[in-house]
Every structure is written in C-alpha cells, then in structure tokens.
Amino acid sequence: MTPRSLFRAAAVAELVTWTLLIAGMVLKYGLDAGEWGVRIGGSIHGFVFLAYLVVTTVVAVNQRWSVGALVLGWASAVVPYATVPFEVVVARRGMLEGPWRRTPDGRSGLWDRLLFFVVRRPAVSVGIGAVAVALVFSGLLVVGPPVPKG
C-alpha cells in the first residue's frame, strides 16, 4: 500500500462515516426515530475520524508536508465531506507521490525515526495505532458528548 492509496482510503472512509452520522441525525431529529442512529453512526465516525488524523500525520511526515498542509489535512476531517476534495488537491500537487521512506536521507529527526519504525513494522504499527485510537475513543466515550447549554 502506497502513501497515496492509504490516504485515499482514509479520506473516503471519513466521507462515508460522515454520511452515517448525518443519516443518524436525520433519523433522530427529522423522523424522531430515537438516538440509535446517532449512537451507531457517531461511534463509527468518531473512530474513523481519529484514524484519519493518524493516517494524515503519518503520510504528512513521509511526504514531508509543511505544518500548514498537515493542519489543513486535519481540518478537512472536521468539515463534512472535505477529506476527499483535500485528497484530490494534494494528489494533483504531487504531495502523495512516491513510496514509503524507509531510511534516513540526511536529515532525520524524531518524526522520521518514528516513521521508519511504522514503515518497517506495518503489522505492529497498525496494532499499536488501533489500540491508541481505541484508547482515545474510549476516553472520549467516558467523558461523554458535549452537553448543550440552555
């Protein structure tokens, strides 16, 4: 899997889960069908949202994106359906071209060393990433949804 294909898959997954969340909201507020649609769609979306942030960060480090591009990539996950247009733009600009970097090329810092670990041990890294996302997700579930004021 290339950086481009991984990023594309994450962008599309984020788009799909936005649809699930919005459908759940339509069921809850438009059809008075209860909370279940928001709970299911929101949970799936929340998990994929966090995974998208991780994938965006890994790809940004590999591709040597600027901090601004990375932040814009993260922000695209907050706006419904913006991840795929963001992916199209960065792909057209050549920001997703090339393979995974596996060795230092003269200037490797902490982020590069972490990237090399991830690329050299993909199964372990996916496991660690999934556990990390699940822990953050679980922590957010414990905190609960924001309570509307009023």
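Residues numbered from 1 in each chain as written. Predicted model: local features only at pLDDT ≥ 70, side-chain atom pairs only at ≥ 80, totals over all residues. Heavy atoms only, no water.

A. Quick peek at the environment of A130. Along the chain, A130 falls in helix α6 (residues 122-143). A130 sits in the partly exposed class, given a relative accessible area of 37%. For A130 and V54, which are 76 residues apart along the polypeptide, the C-alpha to C-alpha distance reads 9.8 Å. (Helix = DSSP H or I, 4+ residues; strand = E, 2+ residues; numbered from the N terminus. Buried < 20%, exposed > 50% of the residue type's maximum accessible area, 1.4 Å probe, protein only.)

B. Region of interest: unusual backbone geometry. Phi at D32 is positive, roughly 50°, even though this residue is not glycine. Its location among the elements puts D32 in the loop between α1 (3-30) and α2 (36-63). For D32, a relative accessible area of 69% gives the class exposed.

C. Main features of the nonpolar core. With 22 residues, the main nonpolar core has F7, Y52, V59, W65, L96 and L115 as its most contacted residues. Contributions of two or more residues to this core are made by α1, α2, α3 (67-76), α4 (83-92) and α5 (110-120). Top element by residues in this core is α2. It accounts for six residues. The contact partners of F7, leaving out residues within four places of it in the chain, are Y52, V55, T56, V59, W65, F86, E87, V90 and L96. (Core = buried A, V, L, I, M, F, W, Y, C linked by side-chain atoms within 4.5 Å. Contact = heavy atoms within 4.5 Å.)

D. Representation of the pattern of salt bridges in the model. Here the structure, examined in full by the defined rule, presents five salt bridges. Between R8 and E87 there is a salt bridge, with the nearest N and O atoms lying 2.8 Å from each other. Within this pair, whereas R8 is found in helix α1, its partner E87 is found in helix α4, the two being separated by 79 residues in sequence. We classify E87 as buried; its relative accessible area is 4%. (Salt bridge = Lys/Arg side-chain N within 4 Å of Asp/Glu carboxyl O.)

E. Structural detail: the packing of α2 against α6. Between α2 and α6, whose axes approach to 10 Å, the crossing angle comes to 135°. In terms of orientation, α2 and α6 fall into the oblique class. The crossing of α2 and α6 is right-handed. Only A130, V133, A134, V136, F137 and L140 of α6 make contact with α2, whose side of the interface consists of S43, G46, F47, L50, A51 and V54. Grouping the amino acids of the contact of α2 with α6 by side-chain chemistry returns 10 nonpolar, two polar and no charged. (Axes fitted to C-alpha atoms, helices over the stretch in contact; angles between N-to-C directions. Parallel < 35°, antiparallel > 145°, perpendicular 65-115°, else oblique. Left-handed = near helix turned anticlockwise from the far one by under 90°. Nonpolar A, V, L, I, M, F, W, Y, C, P; charged D, E, K, R; others polar.)

F. Highlighting α5. Within the sequence span of α5, burial applies to D112, L115, F116 and V119. Angular distribution of buried residues about the axis of α5 spans 100°; they occupy a single face of the element. Turning to α5, the residues buried within the fold contact α2 and α6. (Arc of directions from axis to C-beta.)

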